[in-house]
Amino acid sequence: MDLSRVFDLRLHGMDDQALERSVRRFNREREARIAAEELLEQKGRELYKANTRLQDLLENLDEKVRQRTEELRIALAEAQRANRVKTDFLAMISHEIRTPMNAVHGVAQILKNEDLPDNQIKLVDLMLQSSTSLLAIVNDLLDLSKIDAGKMKLEIVYFSVAQLSQDIKELFSAKAKKKNLDLIIEQTVESEIVVAGDPGRLRQILINLIDNALKYTVSGSVTLGISVFDIDPDTKSFCFTVVDTGPGIPEDKLDRLFSRFDRIDIKSSHNIEGAGLGLALCKQLAELLNGKIGCDTVVGRGSSFWMTVPFKVAGNAPKKIEEPQRQTVEPKTMTRALRILVAEDNIANQVIVRVMLEKLGHLVDIAADGNEAVAAVKLLDYDVVFMDMQMPNLGGMDATEQIRALPHRNNNVPIYALTANAMDSDRVRCLDAGMTGFLSKPVSRLDLIATLNELDIG
Ligand SMILES: Nc1ncnc2c1ncn2[C@@H]1O[C@H](COP(=O)(O)OP(=O)(O)OP(=O)(O)O)[C@@H](O)[C@H]1O
Ligand SMILES: [Mg+2]
């Protein structure tokens, strides 16, 4: 405390003791103020440093974010590339397996119709069953990889849902009977209702669901239910349910039910064949159809798989109703053997189609490409030509156009395309190119019989 302040206090008549107390208090306050100022200064310095650091960080942050974004972009591109490679590989390998597998399947079909000793019948049945399930897996894989690659396209045609459900029932009736299960259809859909949609994909989903229901149910029934609700004047929502009295699925397994390669490890599915692809495919196909799919299930009582799909009603549009699937057909009695040309480059397929046709009593010539097919038609009067679409040198489509353009009486020979995918839009192109019809590969004996019956010759 300075002297002038002491005198001041004396003037105000303060005694010595009070003066001393006052001086001590002032001194304490001054020390406290100095300490506070030092603290403030120190904090100020720290704040300044922190601020500088923050500014540095801020300046770097932009750069860091840019760097990190670039790293993530590269990692994403790499992951996408790896995924594409995986998808392509899967598609390629499935395709490569399918061709020879079709041949094995075809040979088994031929043998099945031979007069075989009992012990060989069992072996051929086993071969037929195994090739059927392997083909189903390969086809599922091909479909899944097509969906992954965004290449799965819907084929929109007009069709009757009621008709489709009847076709499916027929398809499974033998299987249900064999397992002693009741296969029931409960539907409120009028058969006149014609909708625009992809019947092939819808059929594929329902077939998978019913196949599972029949596969996993030991006794009781499998019911396909179909109901319809109006969404707006043009659109109806179809609700499909496949209800079984099977083992049901534990609740904690439900979340991975629709994942790929996921088989639920329950006692009842222990010895049952399957790759765990069916439901994954169903889900993706349902989404492709703008639909939803799910499952309600109680262990020990059964499962109810449901799917809702919207379809535009056909209204007054021209109704091109999908042909019902061919069922059991018997060969018509022909008065003479037909002379048939098979244009096909794959040797295994050549053998299979030839043997199937020869077994039906017909005469078969083989052309290994389109050029040979055109030359053969010029040379001989064939009753019918079966034409593979993809052949070296000259494909089936071009060969057909050349045959139709021949200044020759054989230019109107019936030509049936053999196409790998019956739902492909190149079926339409087949007809545009002048073909009479098409058969989907792998060609079955029944398809050949039905086609020859259609021809009305012989
Ligand atoms: N109706 C059902 N009742 C009981 N379990 C079922 C039923 N449907 C499916 N599951 C269970 O869900 C699993 C997955 O079914 P999903 O159809 O995907 O494969 P999968 O039938 O095993 O083989 P895939 O269909 O490829 O031949 C099955 O392995 C089975 O355990
Ligand atoms: Mg299945």
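Residues numbered from 1 in each chain as written. Chains lettered and ligands numbered in written order. Predicted model: local features only at pLDDT ≥ 70, side-chain atom pairs only at ≥ 80, totals over all residues. Heavy atoms only, no water.

Draft legend 1. Main features of the nonpolar core. With 46 residues, the main nonpolar core has Ile205, Ile210, Phe238, Phe240 and Met307 as its most contacted residues. Sort the elements by how many residues they give to this core and helix 5 (residues 199-216) lands first, with seven residues. Each of domain 2 (77-148) and domain 3 (157-313) contributes no fewer than three residues to this core. If we skip the residues at most four places from it in the chain, Ile205 touches Cys282, Leu285, Ala286, Leu289, Ile293 and Met307. One finds Leu341, Tyr382, Val385 and Met435 within the second-largest nonpolar core, a separate group that totals 23 residues. (Core = buried A, V, L, I, M, F, W, Y, C linked by side-chain atoms within 4.5 Å. Buried < 20%, exposed > 50% of the residue type's maximum accessible area, 1.4 Å probe, protein only. Helix = DSSP H or I, 4+ residues; strand = E, 2+ residues; numbered from the N terminus. Domains from an automatic or database assignment. Contact = heavy atoms within 4.5 Å.)

Draft legend 2. Layout of unusual backbone geometry. Omega for the bond connecting Lys441 with Pro442 falls within 30 degrees of zero, at 0°, which places this linkage in the cis form. Relative to the helices and strands, Pro442 resides in the loop between strand 12 (437-440) and helix 11 (445-455). Of note in the backbone geometry, Asn290 takes a positive phi value of approximately 65° without being a glycine. In this structure, Asn290 sits in the loop between helix 6 (278-288) and strand 6 (292-298). Positive phi, close to 65°, is recorded for Asn393, a residue that is not glycine. Relative to the assigned elements, Asn393 resides in the loop between strand 10 (384-388) and helix 9 (396-404). Using a relative accessible area of 67% as the deciding quantity, one classes Asn393 as exposed.

Draft legend 3. Expanded view of the pattern of salt bridges. The full count for this structure, using the stated rule, is 22 salt bridges. Residues Arg68 and Glu71 are paired through a salt bridge, measuring 2.5 Å at the closest nitrogen-oxygen approach. Residue Arg68 and its partner Glu71 are located together in helix 2 (residues 16-112), separated by three residues, close to a single helical turn. Given the relative accessible area of 42%, Glu71 is considered partly exposed. One salt bridge in this structure joins Glu358 and Arg354, with 3.2 Å as the shortest N-O distance. Remark: Arg354 and Glu358 occur in helix 7 (residues 347-359); sequence separation between them is four residues, near one turn of the helix. Through salt bridges with shared partners, a single network forms among Glu344, Asp388 and Lys441. (Salt bridge = Lys/Arg side-chain N within 4 Å of Asp/Glu carboxyl O.)

Draft legend 4. Broad picture of the domain arrangement of the protein chain. Its domain assignment divides the protein chain into domain 1 (3-58), domain 2 (77-148), domain 3 (157-313) and domain 4 (339-455). Each of domain 1 and domain 3 was reduced to a C-alpha centroid, and the two centroids are 86 Å apart.

Draft legend 5. Spotlight on the site of ligand 1. Taken together, 20 residues form the shell around ligand 1, and within it Asn212, Asp244, Arg263, Leu277 and Leu279 come nearest. Between ligand 1 and the protein, one listed contact pairs an oxygen atom with a side-chain N or O atom of Asn212 at 2.7 Å. Contact between ligand 1 and Lys215: an oxygen atom at 2.9 Å from a side-chain N or O atom of the residue. Here ligand 1, which alone exposes 600 Å², has 95% of that area covered by the protein. Going through the elements one at a time, helix 5, helix 6 and strand 7 (302-313) are the ones with two or more residues in the shell around ligand 1. (Near = heavy atom within 4 Å. Polar contact = N/O pair within 3.5 Å; in protein donor to acceptor, adjacent residues only side chain to side chain. Areas by Shrake-Rupley, 256 points an atom, 1.4 Å probe, with all protein chains shown as cover.)

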